[in-house]
Amino acid sequence: MACARDGFSNAQIHSLETNSGRGADTRRLVYSTSLFSAVPKRLVTITCSIKTPGGIVAKKPQHAQNNQRSQQGKQGQQQKRGGKAQATVARTKHSQATPARPWRPGRDKFLPVSRADMDARGWDQCDFVYICGDAYVDHPSFGMAIVSRVLDAHGYKVGIICQPDWTDPASITVLGEPRLGFLVSAGNMDSMVNHYSVTKHRRHTDAYTPGGEEGHRPNRAVTVYGNLIRQTFKDAPIIIGGIEASLRRLAHYDYWQDKLKRSVLLDSGADILIYGMGEHAIVEIADALDAGLPVDQITYINGTVYRTGSLDEVYDYDLLPSWDDLTADKLNYARSFNVQQQNMDPITGHRLVEPYPNSVYVVQNPPSATLTTDEMDEVAELPYARDWHPDYDAAGGVPAFAEIKFSISSNRGCFGECSFCALTFHQGRVLQMRSHDSIMREAELLTRDPEFKGYINDVGGPTANFSRPACDKQLKHGVCKNKRCLWPSVCKNMVVDESGYTQLLRDLRQLPGVKKVFVRSGIRFDYTMACPSDEFLRELLEHHVSGQLRVAPEHVSDAVLSVMGKPSRAVYDAFCRKFERLNREYGLKQYVVPYLISSHPGSTMKEAVDLAEAVRDMGYMPEQVQDFYPTPGTISTCMYYTGIDPRDMSEVYVARSAHEKAMQRALIQYRNPENYELVCEALRRTHREDLIGFGPKCLVRPRKMAGEAGKPSRGKGANGKGFGQKTANDRSGQGKTKTGGRPKKTLRNVHKKK
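Residues numbered from 1 in each chain as written. Predicted model: local features only at pLDDT ≥ 70, side-chain atom pairs only at ≥ 80, totals over all residues. Heavy atoms only, no water.

## Details of the overall build of the protein
From N to C terminus, the protein includes 27 helices and 24 strands. Across the 754 residues in the protein, those meeting the buried criterion constitute 61%. Residue pairs at least 24 apart in sequence account for 76% of intrachain contacts in the protein once pairs closer than 6 positions are excluded. (Helix = DSSP H or I, 4+ residues; strand = E, 2+ residues; numbered from the N terminus. Buried < 20%, exposed > 50% of the residue type's maximum accessible area, 1.4 Å probe, protein only. Contact = heavy atoms within 4.5 Å.)

The structure is reproduced here in structure tokens:
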């Protein structure tokens, strides 16, 4: 399924990393293209007077409060966090334990995380200190790594403080005060999504923390880190970015508090917010600060947001509804969001102004220019260590890295524009691609890794089979403001061409040492169906699918699909028939596995029952089901909050109660015995008692007798197949159930019975 995953550049503010000392005799200039053209910089000291927003209190999560009921407990916690929080590691001497992987990069290949690291490089002071909610992984799939390496290529000294103890101001002082400013990001994920499931239950693991241990970042990390810095270094410039800041750059709906919140720029106490992919913006900001320009005068850089007390020097802007108007009427928020999502193109996008009380204005400059292919190559091929920091070895490393270590990112941006995806609001609709040669060089690098077993886990991006912009017009005139490229049908001006990606896959699997190349980013099946050639689909199913191809129809009701911005069910059905036909032609037994979303805006109980019947007709219980999660920055979240589709201001049904959402989800997995009561209630509410019975079309059987209340009857369900058993990969996070010795009802087992 196509979805966003980065920040400053890649669904978070790209990370910060440096390789060479800035301003020293050993400084080397790595690149000389437009993005990396280096200009000798003069060392200056800048002091800025900045007002700190009042009333912002960084409230510690309950788990942090419980661990600090006394000063002794606090000291004990800091000692406990020593092997996990990098800020604490930086305050201790580095252990010389024998590494478990002797070939792994040494700490000298990473940016400094301690004073000892700075001393080893001969640094007295960092130019920037990057504070991040993730552990330090120096890889181009992590936004922090990209931003830091870009700054490093320009000769700036960048230090890293990952997962500092937000209850201890000393945790952000371990590298001293930076010469130019602090950079702040929550990490590769929004901190609230990282912490809580859609049901608002606390998650028990964190894949971006050493050992997968949760509790090493605060809720709303950008706001907490920003205020911690402002309290400690009152005049230091603060630049925030990443997925959390980017999607909260203006007033936004907060699902966890169920209310509208103002721009995170105001609540965090930051000076500048970088939204979207930040390579251009971060370099321009760094150069301006280095030239001696006060941070409150850096108001001209595209891809940034700043605050001001007057509009006298702000030109050519669109005025959004004020904060008072937004809180007074939800319709105003729908109108505002529609204007915002129409101005995400670097060519056609306007400057936007959002007024707040007391003559405060938040100004969003137009989006930053997209990267050229040459610039994309340069960013991808910066000298990353391509590993987690050695300080995490004792904890077993960072779990998130395992998923991407042998994957290759080939593009960014997406013109698919699904309503529930924040990618368009973050990366934009114009596709940016790496060159064929650059991707091949990275693949060759992977094959030389001692841990490489011959399998490239993924080659793609938000959508794998997008390998060029939707049309040539986008590069000259920008994207269409009121039209979509793929919805409600494929635009007549679209250039549908999968040949480049097809050839790339062929060349990759021919590399020495490569056994198989998987495509796991997800493909847009409607784009594939619009292609006049079957060449890509044949290559895909013959060489790059391991039994199951996962695609994302998301629903079966055309009414819901229209709200989602997805193609009609007929397109998905046609794709499945084509896939099955080609599999028969090649003598293969492979299956399409759909991703489905329950309780999305527009889905009433009737549409939920329709989806359950479609699942029944498929003959298996879906392994992947996602209850709609209203996260900032999506059209669907705007619908959830307002009940209005901001694109045409029409009313949209929204399932708001936790109970109704649970029923809609239960219907999709009606064979699970734990869902029996919810399924029966949903069917009765929709007057579909005909689906409770013993017939081949029934979803569940009635109770055998009153004495068996609470126990669903066993036996065969619809289509003669057994029900009441879970599958292994349920996206709800529910555990596996025992099946009394009978085989588990997985997709593969069900098809074997046919």
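Next comes the rest of the account.
## A few points about the sheet that holds strand E22 (residues 625–627)
If you trace the three strands from one edge of the open sheet to the other, you get E20-E21-E22, paired in parallel fashion. Looking at which strands have only one partner, the edges of the open sheet turn out to be strand E20 (548–554) and E22. Between one strand axis and the next, the sheet turns by 25° as a mean value, whatever way the strands run. Note that strand E21 (residues 591–598) and E22 share three bridges and pair parallel. Counted as the bridge partner of Ile597 is Gln626 from E22. Packing of helix H25 (residues 658–668) onto the sheet brings it into contact with E21 and E22, and relative to E22 it is tilted by some 170°. (Pairing = 2+ DSSP bridges. Axes fitted to C-alpha atoms, helices over the stretch in contact; angles between N-to-C directions.)

## Some remarks on the side chain of Gln427
Mapped onto the elements of the fold, Gln427 is located in helix H15 (residues 423–427). One polar contact links the side chain of Gln427 to the main-chain amide nitrogen of Gly413, over a distance of 2.7 Å. (Polar contact = N/O pair within 3.5 Å; in protein donor to acceptor, adjacent residues only side chain to side chain.)

## Description of helix H22 (residues 569–586)
Spanning 18 residues, H22 covers 26 Å between terminal C-alpha atoms, matching the ideal 26 Å at 1.5 Å per step. Burial in H22 covers these residues: Tyr572, Phe575, Cys576, Lys578, Phe579, Leu582 and Asn583. Looking straight down H22, one finds that the buried residues subtend no more than 165° of arc, so they occupy a single side. In H22, the exposed residues that point more than 90 degrees away from the buried face are Ala570, Arg577 and Arg584. Those residues of H22 that are buried are in contact with helix H19 (525–530), helix H20 (535–543), E20 and E21. In the stretch just after H22, Gly587 is the one whose phi turns positive, near 70°. (Expected span 1.5 Å × (residues − 1). Arc of directions from axis to C-beta.)

## With respect to helix H16 (residues 436–447)
Taking 1.5 Å of rise per residue, twelve residues should cover 16 Å, and H16 covers 17 Å from first to last C-alpha, within 8% of that figure. Along H16, the positions that sit buried rather than exposed are Ser438, Ile439, Met440, Glu442, Ala443 and Leu446. Taken together, the buried residues of H16 touch helix H13 (373–380), strand E14 (407–409), strand E17 (455–456) and helix H18 (499–509).

## Thoughts on the packing of H20 against H22
To describe two helices that pack against each other, one gives the angle between their axes and the distance between the axes. Running from N to C, H20 and H22 cross one another at 60°; their axes reach a closest spacing of 10 Å. Here H22 runs oblique to H20, going by the angle between their axes. Remark: the crossing between H20 and H22 carries right-handed chirality. Note on element contacts: H22 touches H20 through Phe575, Lys578, Phe579, Leu582, Asn583, Glu585 and Tyr586, opposite Leu537, Arg538, Leu541 and Glu542. (Parallel < 35°, antiparallel > 145°, perpendicular 65-115°, else oblique. Left-handed = near helix turned anticlockwise from the far one by under 90°.)

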